[in-house]
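A structural walkthrough
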Amino acid sequence: LCCRFDVYRKVPKDLSQATTTGAVISICSVIFIVFLFLSELALFISHEVVSELTVEDPVKHSEKIPVFVNITLPKMKCEYLGLDIQDDMGRHEVGFQDNTQKEEINEGAGCRFESHFMINKVPGNFHVSTHSSQSQPDDPDMSHTIHKVRFGMDLGEGKSVAGSFNPLENVDKTKGQSFATHDYIVKIVPSVYEDSSGNIRFPYQYTYSYREVVQFGHGGRMMPAIWFRYDLSPITVRYKEKWKPFYTFLTTICAIVGGTFTVAGIIDSCIFTASEVFKKAELGKLT
């Protein structure tokens, strides 16, 4: 009685026929299934990063944003260079020295400039200039290559998301006019990255526009500088690592196996039927 409930009815072996075509299709189907299975397994064991937009301040415990700058100026001596910081809260520092390193290059004719500092969460600017130097160079040339300008925390090793966390990396402005001021207008977007272990980091993305201009004042041509004028966006981008649930992996595998064998069975049936019709036609038995 229980056999009546068997939906997987069996065909006796003496009523089935093995063919070379069926064997080839079966082998190809197994190879195809293994390939898709391994592909899905690789996707399952790797996490995915989902993002959403919110309107908030993600770092409520701090009113400041860390900034890291690394620039090479091949035609400006280190002795003339300094960092100036200004913002809408009244901050005005000329010749910022803390966490600032200057390394001579090109036999002392150029400088590798690096600094790590904090800015307030208000519009402002920071610029590399000669304003803090007691003497000014005769032929100032602020042509440069930017290696890194980072706002907020570093995203971390092995983290890769679609975003603009360091769009100024390797920007080369060494071919510009020697007396030109380089002006970068930067729009900062707060970001939050939460990994699969619940650890949270606060990197900041940014976009920028650029202009090069030779400035003149009442006393003639003004000393050039490298300006970074920044403003903050009210929108925060949140990234979160997520693992795919096991049931989606299981559903996909069942679909791969079942779908492959179903399609393979249809192909094999069509080929077998066509071959039988062709054989009958050769024997003159096709009516």
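Residues numbered from 1 in each chain as written. Predicted model: local features only at pLDDT ≥ 70, side-chain atom pairs only at ≥ 80, totals over all residues. Heavy atoms only, no water.

Looking at an unreviewed UniProt entry, one finds the protein chain named Endoplasmic reticulum-Golgi intermediate compartment protein 1 and attributed to Pinctada imbricata. Quoted straight from UniProt, the Subcellular location (unreviewed entry) entry for the protein chain says "Endoplasmic reticulum-Golgi intermediate compartment membrane". As stated in UniProt under Sequence similarities (unreviewed entry), the record for the protein chain gives "Belongs to the ERGIC family." (UniProt positions renumbered as here; feature names shortened; annotations may be inferred.)

1. Remarks on the environment of glycine 259
As for its position among the elements, glycine 259 is in helix H2 (residues 246-283). Overall, glycine 259 belongs to the partly exposed group, its relative accessible area being 31%. Between the C-alpha atoms of glycine 259 and isoleucine 33, which are 226 residues apart in sequence, the distance is 9.7 Å. (Helix = DSSP H or I, 4+ residues; strand = E, 2+ residues; numbered from the N terminus. Buried < 20%, exposed > 50% of the residue type's maximum accessible area, 1.4 Å probe, protein only.)

2. As for the nonpolar core
Grouped together as the largest cluster of nonpolar side chains are 36 residues, with contacts concentrated most on Phe117, Phe126, Phe151 and Phe228. Listing elements by their share of this core, those giving two or more residues are strand E2 (64-73), strand E3 (82-87), strand E6 (110-120), strand E7 (124-129), strand E8 (144-152), strand E10 (181-194), strand E12 (203-213) and strand E15 (226-232). Among the elements that line this core, the one with the most residues is E2, at five residues. With near-sequence residues (within four places) excluded, phenylalanine 117 lies in contact with Ile65, Pro66, Val67, Val69, Leu83, Ile85, Phe96 and Phe126. Counting seven residues, the second-largest nonpolar core is a separate cluster that includes Val161, Phe165, Val189 and Val237. (Core = buried A, V, L, I, M, F, W, Y, C linked by side-chain atoms within 4.5 Å. Contact = heavy atoms within 4.5 Å.)

3. Digging into the pairing of E2
Burial runs high along E2: eight of the 10 residues are buried. As paired elements, E2 and E6 share 10 bridges and run antiparallel to each other. Note that in E6 the partner of phenylalanine 68 across the bridge is histidine 116. Summarising the sheet, E2 and E8 pair through six bridges and their orientation is antiparallel. Among the inter-strand pairings, threonine 72 is bridged to a residue of E8, identified as threonine 145. (Pairing = 2+ DSSP bridges.)

4. A word on the side chain of lysine 121
Considering the arrangement of structural elements, one finds lysine 121 in the loop between E6 and E7. The class of lysine 121 is buried, set by a relative accessible area of 18%. Residues within four places of lysine 121 in sequence aside, it is in contact with Asp57, Val59, Ser62, Glu63, Lys64, Ile65, Tyr204 and Leu232.

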